[in-house]
Amino acid sequence: MADHAHTETIDLRVQFDTAEQQKDCSTLGMWIFLITEIMFFGGMFAAYTIYRQMYSEVFAIASTSLNAKIGAFNTCVLLLSSFTMVMAVRSGQLGKQKAIIFWLILTLIFGSAFLGVKAIEWNEKFVEHHIPGQAVFHLEGVPQSEQGHAQLFFSLYFAMTGLHALHMVVGAGMLVWLLFQARKGIFTAKYFTPIDVGGLYWHFVDIIWIFLFPLLYLIDRHLKV
Amino acid sequence: MSDHSQEHPIDSVKTYALVLATLLFLTILTTAVAYVDLGVFSTVIALAIACTKMLLVALFFMHIRHSTKLTRLVVVGGLLWLAILLFMTLTDFATRTWIGVPGR
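In short, a report on the structure.

Each value, and the rule that gives it
Residues numbered from 1 in each chain as written. Chains lettered and ligands numbered in written order. Predicted model: local features only at pLDDT ≥ 70, side-chain atom pairs only at ≥ 80, totals over all residues. Heavy atoms only, no water. Salt bridge = Lys/Arg side-chain N within 4 Å of Asp/Glu carboxyl O. Buried < 20%, exposed > 50% of the residue type's maximum accessible area, 1.4 Å probe, protein only. Core = buried A, V, L, I, M, F, W, Y, C linked by side-chain atoms within 4.5 Å. Helix = DSSP H or I, 4+ residues; strand = E, 2+ residues; numbered from the N terminus. Contact = heavy atoms within 4.5 Å. Axes fitted to C-alpha atoms, helices over the stretch in contact; angles between N-to-C directions. Parallel < 35°, antiparallel > 145°, perpendicular 65-115°, else oblique. Left-handed = near helix turned anticlockwise from the far one by under 90°. Nonpolar A, V, L, I, M, F, W, Y, C, P; charged D, E, K, R; others polar. Buried area = accessible area lost by both parts, 1.4 Å probe.

### Side note on the pattern of salt bridges
Residues and elements named next belong to chain A.
- As enumerated under the stated definition, the model contains seven salt bridges over all chains in all.
- Taking the shortest distance from any N to any O, the salt bridge between Glu128 and Lys125 comes out at 3.3 Å.
- On the basis of relative accessibility, which here comes to 30%, the residue Glu128 falls in the partly exposed class.

Here you go:
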(Lines give C-alpha, C1' and ligand atoms only; values in the text may rest on other atoms or scores of the structure.)
Protein backbone atom coordinates (compact mmCIF):
# COMPACT_ATOMS: atom_id res chain seq x y z
CA MET A 1 0.00 0.00 0.00
CA ALA A 2 1.19 3.45 -0.82
CA ASP A 3 1.50 5.90 2.00
CA HIS A 4 -1.43 8.31 1.74
CA ALA A 5 -0.54 10.18 4.88
CA HIS A 6 1.81 12.63 3.12
CA THR A 7 1.47 16.35 3.68
CA GLU A 8 -0.54 18.05 0.95
CA THR A 9 1.34 20.39 -1.39
CA ILE A 10 0.33 22.08 -4.64
CA ASP A 11 2.31 19.54 -6.70
CA LEU A 12 1.13 16.57 -4.63
CA ARG A 13 -2.47 16.55 -3.45
CA VAL A 14 -3.54 13.97 -0.88
CA GLN A 15 -5.45 11.78 -3.30
CA PHE A 16 -2.35 11.04 -5.40
CA ASP A 17 0.55 8.73 -4.66
CA THR A 18 3.14 10.63 -6.65
CA ALA A 19 3.50 14.01 -8.39
CA GLU A 20 3.93 12.07 -11.63
CA GLN A 21 0.54 10.42 -11.17
CA GLN A 22 -1.10 13.78 -10.41
CA LYS A 23 0.38 15.33 -13.56
CA ASP A 24 -0.63 12.41 -15.80
CA CYS A 25 -4.12 12.62 -14.36
CA SER A 26 -4.43 16.34 -15.25
CA THR A 27 -3.16 15.69 -18.78
CA LEU A 28 -5.61 12.84 -19.30
CA GLY A 29 -8.52 14.94 -17.99
CA MET A 30 -7.64 17.77 -20.37
CA TRP A 31 -7.48 15.38 -23.32
CA ILE A 32 -10.91 13.99 -22.49
CA PHE A 33 -12.27 17.56 -22.50
CA LEU A 34 -10.54 18.21 -25.83
CA ILE A 35 -12.19 15.11 -27.31
CA THR A 36 -15.63 16.50 -26.42
CA GLU A 37 -14.49 19.63 -28.25
CA ILE A 38 -13.39 17.58 -31.27
CA MET A 39 -16.89 16.06 -31.43
CA PHE A 40 -18.43 19.53 -31.02
CA PHE A 41 -16.51 20.94 -33.99
CA GLY A 42 -16.87 17.59 -35.79
CA GLY A 43 -20.60 18.14 -36.22
CA MET A 44 -19.95 21.46 -37.97
CA PHE A 45 -17.29 19.93 -40.21
CA ALA A 46 -19.79 17.19 -41.13
CA ALA A 47 -22.47 19.79 -41.97
CA TYR A 48 -19.98 21.75 -44.07
CA THR A 49 -18.89 18.62 -45.97
CA ILE A 50 -22.48 17.63 -46.79
CA TYR A 51 -23.63 21.08 -47.95
CA ARG A 52 -20.46 21.59 -49.93
CA GLN A 53 -21.25 18.32 -51.68
CA MET A 54 -24.88 19.30 -52.33
CA TYR A 55 -24.27 22.85 -53.60
CA SER A 56 -20.69 22.47 -54.82
CA GLU A 57 -20.81 25.14 -57.55
CA VAL A 58 -22.24 27.89 -55.34
CA PHE A 59 -19.92 26.91 -52.48
CA ALA A 60 -16.93 27.11 -54.85
CA ILE A 61 -17.85 30.68 -55.85
CA ALA A 62 -18.48 31.66 -52.21
CA SER A 63 -15.27 30.01 -51.01
CA THR A 64 -13.11 31.79 -53.60
CA SER A 65 -14.59 35.16 -52.54
CA LEU A 66 -12.61 34.81 -49.29
CA ASN A 67 -9.13 36.31 -49.15
CA ALA A 68 -6.73 33.33 -49.17
CA LYS A 69 -3.61 35.46 -48.63
CA ILE A 70 -4.96 37.02 -45.44
CA GLY A 71 -6.06 33.54 -44.37
CA ALA A 72 -2.58 32.11 -44.96
CA PHE A 73 -0.99 35.03 -43.10
CA ASN A 74 -3.32 34.52 -40.15
CA THR A 75 -2.55 30.78 -40.12
CA CYS A 76 1.14 31.65 -39.79
CA VAL A 77 0.38 34.06 -36.93
CA LEU A 78 -1.53 31.31 -35.11
CA LEU A 79 1.25 28.76 -35.68
CA LEU A 80 3.73 31.28 -34.24
CA SER A 81 1.52 31.63 -31.16
CA SER A 82 1.58 27.84 -30.76
CA PHE A 83 5.37 27.94 -30.88
CA THR A 84 5.55 30.66 -28.21
CA MET A 85 3.04 28.68 -26.10
CA VAL A 86 5.13 25.52 -26.23
CA MET A 87 8.15 27.65 -25.28
CA ALA A 88 6.21 28.85 -22.22
CA VAL A 89 5.56 25.21 -21.28
CA ARG A 90 9.26 24.44 -21.80
CA SER A 91 10.18 27.36 -19.53
CA GLY A 92 7.80 25.82 -16.99
CA GLN A 93 9.58 22.46 -17.28
CA LEU A 94 12.85 24.26 -16.58
CA GLY A 95 11.31 26.37 -13.81
CA LYS A 96 12.35 29.66 -15.43
CA GLN A 97 9.69 32.04 -14.09
CA LYS A 98 10.69 35.15 -16.07
CA ALA A 99 10.81 33.18 -19.32
CA ILE A 100 7.32 31.79 -18.64
CA ILE A 101 5.95 35.35 -18.42
CA PHE A 102 7.87 36.45 -21.54
CA TRP A 103 6.54 33.60 -23.71
CA LEU A 104 3.00 33.88 -22.34
CA ILE A 105 2.92 37.60 -23.25
CA LEU A 106 4.18 36.80 -26.77
CA THR A 107 1.48 34.13 -27.12
CA LEU A 108 -1.15 36.65 -26.03
CA ILE A 109 0.14 39.17 -28.60
CA PHE A 110 0.05 36.66 -31.48
CA GLY A 111 -3.36 35.40 -30.37
CA SER A 112 -4.74 38.95 -30.29
CA ALA A 113 -3.18 39.66 -33.69
CA PHE A 114 -5.03 36.65 -35.09
CA LEU A 115 -8.33 37.94 -33.69
CA GLY A 116 -7.59 41.43 -35.05
CA VAL A 117 -7.02 40.11 -38.57
CA LYS A 118 -10.18 38.00 -38.23
CA ALA A 119 -12.14 41.15 -37.29
CA ILE A 120 -10.84 42.91 -40.44
CA GLU A 121 -11.92 39.92 -42.55
CA TRP A 122 -15.39 39.87 -41.02
CA ASN A 123 -15.72 43.60 -41.59
CA GLU A 124 -14.98 43.02 -45.29
CA LYS A 125 -17.95 40.65 -45.41
CA PHE A 126 -20.20 43.43 -44.11
CA VAL A 127 -18.86 45.83 -46.72
CA GLU A 128 -19.36 43.25 -49.51
CA HIS A 129 -22.91 42.39 -48.31
CA HIS A 130 -21.91 38.79 -47.66
CA ILE A 131 -23.73 38.57 -44.33
CA PRO A 132 -26.33 35.77 -44.30
CA GLY A 133 -29.80 36.95 -43.31
CA GLN A 134 -29.20 40.49 -44.55
CA ALA A 135 -31.84 41.76 -46.99
CA VAL A 136 -29.06 43.20 -49.17
CA PHE A 137 -27.15 39.90 -49.27
CA HIS A 138 -25.74 39.35 -52.73
CA LEU A 139 -22.91 37.12 -53.93
CA GLU A 140 -21.59 38.11 -57.34
CA GLY A 141 -21.68 35.42 -60.06
CA VAL A 142 -24.47 33.41 -58.43
CA PRO A 143 -27.97 33.35 -59.99
CA GLN A 144 -30.79 34.83 -57.91
CA SER A 145 -32.36 31.40 -57.28
CA GLU A 146 -29.09 30.13 -55.78
CA GLN A 147 -28.44 33.08 -53.44
CA GLY A 148 -29.96 31.11 -50.56
CA HIS A 149 -27.27 28.44 -50.92
CA ALA A 150 -24.62 31.15 -50.98
CA GLN A 151 -26.08 32.42 -47.68
CA LEU A 152 -25.73 28.86 -46.37
CA PHE A 153 -22.00 28.95 -47.09
CA PHE A 154 -21.57 32.21 -45.21
CA SER A 155 -23.73 30.93 -42.33
CA LEU A 156 -21.33 28.00 -41.98
CA TYR A 157 -18.33 30.30 -42.46
CA PHE A 158 -19.43 32.62 -39.66
CA ALA A 159 -20.51 29.77 -37.37
CA MET A 160 -17.22 27.91 -37.76
CA THR A 161 -14.79 30.83 -37.71
CA GLY A 162 -16.91 32.53 -35.04
CA LEU A 163 -16.86 29.52 -32.78
CA HIS A 164 -13.13 29.19 -33.37
CA ALA A 165 -12.65 32.87 -32.50
CA LEU A 166 -14.73 32.39 -29.34
CA HIS A 167 -12.34 29.62 -28.34
CA MET A 168 -9.46 32.03 -29.00
CA VAL A 169 -11.06 34.65 -26.72
CA VAL A 170 -11.45 32.03 -23.98
CA GLY A 171 -7.81 31.04 -24.60
CA ALA A 172 -6.69 34.67 -24.30
CA GLY A 173 -8.57 34.93 -20.98
CA MET A 174 -6.78 31.77 -19.85
CA LEU A 175 -3.41 33.28 -20.84
CA VAL A 176 -4.14 36.41 -18.78
CA TRP A 177 -5.02 34.22 -15.78
CA LEU A 178 -1.83 32.19 -16.27
CA LEU A 179 0.16 35.44 -16.44
CA PHE A 180 -1.23 36.55 -13.06
CA GLN A 181 -0.44 33.14 -11.57
CA ALA A 182 3.05 33.21 -13.09
CA ARG A 183 3.69 36.69 -11.65
CA LYS A 184 2.88 35.32 -8.18
CA GLY A 185 5.71 32.86 -8.81
CA ILE A 186 3.74 29.68 -8.11
CA PHE A 187 5.09 27.83 -11.15
CA THR A 188 8.23 25.77 -10.62
CA ALA A 189 9.91 22.90 -12.45
CA LYS A 190 7.93 20.63 -10.08
CA TYR A 191 4.55 22.28 -10.67
CA PHE A 192 3.57 23.93 -13.96
CA THR A 193 0.49 21.83 -14.77
CA PRO A 194 -1.82 24.83 -15.51
CA ILE A 195 0.60 26.05 -18.21
CA ASP A 196 0.88 22.53 -19.58
CA VAL A 197 -2.87 21.86 -19.90
CA GLY A 198 -3.45 25.47 -21.00
CA GLY A 199 -0.96 24.76 -23.76
CA LEU A 200 -2.92 21.66 -24.79
CA TYR A 201 -6.05 23.82 -25.17
CA TRP A 202 -4.20 26.49 -27.16
CA HIS A 203 -2.70 23.93 -29.55
CA PHE A 204 -6.09 22.26 -29.96
CA VAL A 205 -7.61 25.56 -31.10
CA ASP A 206 -4.66 25.86 -33.49
CA ILE A 207 -5.41 22.40 -34.95
CA ILE A 208 -9.06 23.37 -35.58
CA TRP A 209 -7.83 26.35 -37.61
CA ILE A 210 -5.35 24.11 -39.47
CA PHE A 211 -8.43 22.32 -40.88
CA LEU A 212 -10.71 25.37 -41.21
CA PHE A 213 -8.21 27.27 -43.35
CA PRO A 214 -7.90 24.83 -46.30
CA LEU A 215 -11.55 23.73 -46.14
CA LEU A 216 -13.03 27.23 -46.14
CA TYR A 217 -10.44 29.19 -48.14
CA LEU A 218 -8.51 26.87 -50.40
CA ILE A 219 -10.03 23.70 -51.80
CA ASP A 220 -12.06 25.34 -54.60
CA ARG A 221 -9.42 27.92 -55.45
CA HIS A 222 -8.15 26.02 -58.54
CA LEU A 223 -11.57 26.22 -60.24
CA LYS A 224 -11.25 29.97 -60.63
CA VAL A 225 -7.72 30.10 -62.08
CA MET B 1 9.20 6.56 -11.36
CA SER B 2 12.56 7.34 -9.81
CA ASP B 3 14.00 8.75 -13.02
CA HIS B 4 11.77 11.75 -13.63
CA SER B 5 13.69 13.13 -16.61
CA GLN B 6 13.21 9.81 -18.35
CA GLU B 7 9.43 10.07 -17.98
CA HIS B 8 9.08 13.63 -19.31
CA PRO B 9 12.13 14.60 -21.33
CA ILE B 10 12.44 18.28 -22.18
CA ASP B 11 12.63 18.94 -25.92
CA SER B 12 15.26 21.34 -27.22
CA VAL B 13 14.45 24.80 -28.62
CA LYS B 14 15.92 23.59 -31.91
CA THR B 15 13.32 20.81 -32.15
CA TYR B 16 10.45 23.27 -31.60
CA ALA B 17 11.94 25.78 -34.04
CA LEU B 18 12.26 23.08 -36.71
CA VAL B 19 8.65 22.01 -36.18
CA LEU B 20 7.53 25.65 -36.46
CA ALA B 21 9.54 26.13 -39.67
CA THR B 22 7.98 22.99 -41.15
CA LEU B 23 4.49 24.15 -40.18
CA LEU B 24 5.02 27.57 -41.79
CA PHE B 25 6.45 25.95 -44.91
CA LEU B 26 3.44 23.60 -45.18
CA THR B 27 1.06 26.57 -44.82
CA ILE B 28 2.71 28.38 -47.73
CA LEU B 29 2.84 25.11 -49.71
CA THR B 30 -0.87 24.37 -49.26
CA THR B 31 -1.79 27.92 -50.25
CA ALA B 32 0.39 27.78 -53.38
CA VAL B 33 -0.81 24.32 -54.42
CA ALA B 34 -4.45 25.47 -54.09
CA TYR B 35 -4.03 27.62 -57.21
CA VAL B 36 -2.91 24.63 -59.30
CA ASP B 37 -5.71 22.63 -60.91
CA LEU B 38 -5.34 19.05 -59.69
CA GLY B 39 -9.00 18.11 -60.03
CA VAL B 40 -10.31 16.07 -57.11
CA PHE B 41 -6.78 15.78 -55.76
CA SER B 42 -6.87 19.45 -54.74
CA THR B 43 -9.02 18.48 -51.75
CA VAL B 44 -7.02 15.32 -51.07
CA ILE B 45 -3.70 17.18 -51.00
CA ALA B 46 -5.09 20.05 -48.89
CA LEU B 47 -6.39 17.55 -46.32
CA ALA B 48 -3.17 15.49 -46.42
CA ILE B 49 -1.14 18.63 -45.65
CA ALA B 50 -3.60 19.62 -42.89
CA CYS B 51 -3.32 16.13 -41.34
CA THR B 52 0.49 16.35 -41.44
CA LYS B 53 0.33 19.71 -39.67
CA MET B 54 -2.08 18.28 -37.09
CA LEU B 55 0.30 15.38 -36.42
CA LEU B 56 3.26 17.74 -36.00
CA VAL B 57 1.35 19.94 -33.53
CA ALA B 58 -0.04 16.95 -31.60
CA LEU B 59 3.20 14.94 -31.44
CA PHE B 60 5.61 17.77 -30.64
CA PHE B 61 3.70 20.79 -29.26
CA MET B 62 1.12 18.70 -27.37
CA HIS B 63 3.80 16.23 -26.24
CA ILE B 64 1.97 13.10 -27.43
CA ARG B 65 5.48 11.84 -28.24
CA HIS B 66 6.21 11.69 -24.50
CA SER B 67 2.75 11.00 -23.11
CA THR B 68 1.51 7.86 -21.35
CA LYS B 69 -0.03 4.92 -23.21
CA LEU B 70 -3.40 5.68 -21.60
CA THR B 71 -3.41 9.27 -22.93
CA ARG B 72 -2.47 8.04 -26.41
CA LEU B 73 -5.25 5.46 -26.31
CA VAL B 74 -7.77 8.15 -25.32
CA VAL B 75 -6.63 10.43 -28.15
CA VAL B 76 -6.86 7.69 -30.77
CA GLY B 77 -10.22 6.65 -29.32
CA GLY B 78 -11.46 10.22 -29.69
CA LEU B 79 -10.43 10.34 -33.33
CA LEU B 80 -12.21 7.03 -33.85
CA TRP B 81 -15.46 8.57 -32.56
CA LEU B 82 -14.97 11.50 -34.91
CA ALA B 83 -14.49 9.03 -37.78
CA ILE B 84 -17.76 7.31 -36.83
CA LEU B 85 -19.56 10.68 -36.77
CA LEU B 86 -18.26 11.70 -40.20
CA PHE B 87 -18.44 8.28 -41.86
CA MET B 88 -21.93 7.27 -40.71
CA THR B 89 -23.40 10.70 -41.55
CA LEU B 90 -21.87 10.59 -45.02
CA THR B 91 -23.09 7.04 -45.74
CA ASP B 92 -26.60 8.36 -45.09
CA PHE B 93 -26.33 11.43 -47.32
CA ALA B 94 -24.40 9.64 -50.05
CA THR B 95 -26.94 6.84 -50.44
CA ARG B 96 -30.24 8.72 -49.98
CA THR B 97 -30.89 9.09 -53.71
CA TRP B 98 -30.11 5.45 -54.54
CA ILE B 99 -33.61 4.23 -53.82
CA GLY B 100 -36.67 6.24 -54.81
CA VAL B 101 -38.62 7.42 -51.81
CA PRO B 102 -42.42 7.74 -52.29
CA GLY B 103 -43.64 11.31 -51.95
CA ARG B 104 -40.35 12.89 -52.92
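### Some words on the nonpolar core
- Counting 90 residues, the largest nonpolar core has A:Leu104, A:Phe153, A:Phe154, A:Ile195, B:Phe61 and B:Met62 as its most contacted members.
- Considering each element in turn, this core owes the most residues, 18 residues, to helix α6 (residues 193-218) of chain A.
- Those residues in contact with A:Ile195 that lie beyond four places of it in its chain are A:Met85, A:Ala88, A:Val89, A:Ile100, A:Leu178 and A:Phe187.

### Structural notes on the packing of helix α3 (residues 68-94) of chain A against helix α4 (residues 97-127) of chain A
Residue and element names in this part refer to chain A.
- Running from amino to carboxyl end, α3 crosses α4 at an angle of 160°, the nearest separation of the two axes being 8 Å. The orientation of α3 relative to α4 falls into the category roughly antiparallel. For α3 against α4, the interelement crossing comes out left-handed.
- A per-class count over the contact of α3 with α4 returns 18 nonpolar, seven polar and three charged.

### Some details on the interface of chain B and chain A
- Listed as interface residues are 50 residues of chain B and, on the opposing side, 48 residues of chain A.
- Where chain B abuts chain A, roughly 4,300 Å² becomes buried across the two surfaces, and 80% of that area is made up of carbon and sulfur atoms.
- Ranking the residues of chain B by area buried against chain A places B:Ile10, B:Tyr35 and B:Met62 at the top, with a combined share of 15%.
- Where chain B meets chain A, there are zero salt bridges.
- Of all the secondary-structure elements, those providing two or more residues to the side of chain B that touches chain A are α1 (4-7), α2 (13-33), α3 (41-61) and α4 (69-95) of chain B.
- At twelve residues, the largest contribution of residues to the side of chain B that touches chain A is made by α4(B).
- In terms of residue class, the side of chain B that touches chain A is built from 32 nonpolar, 14 polar and four charged.

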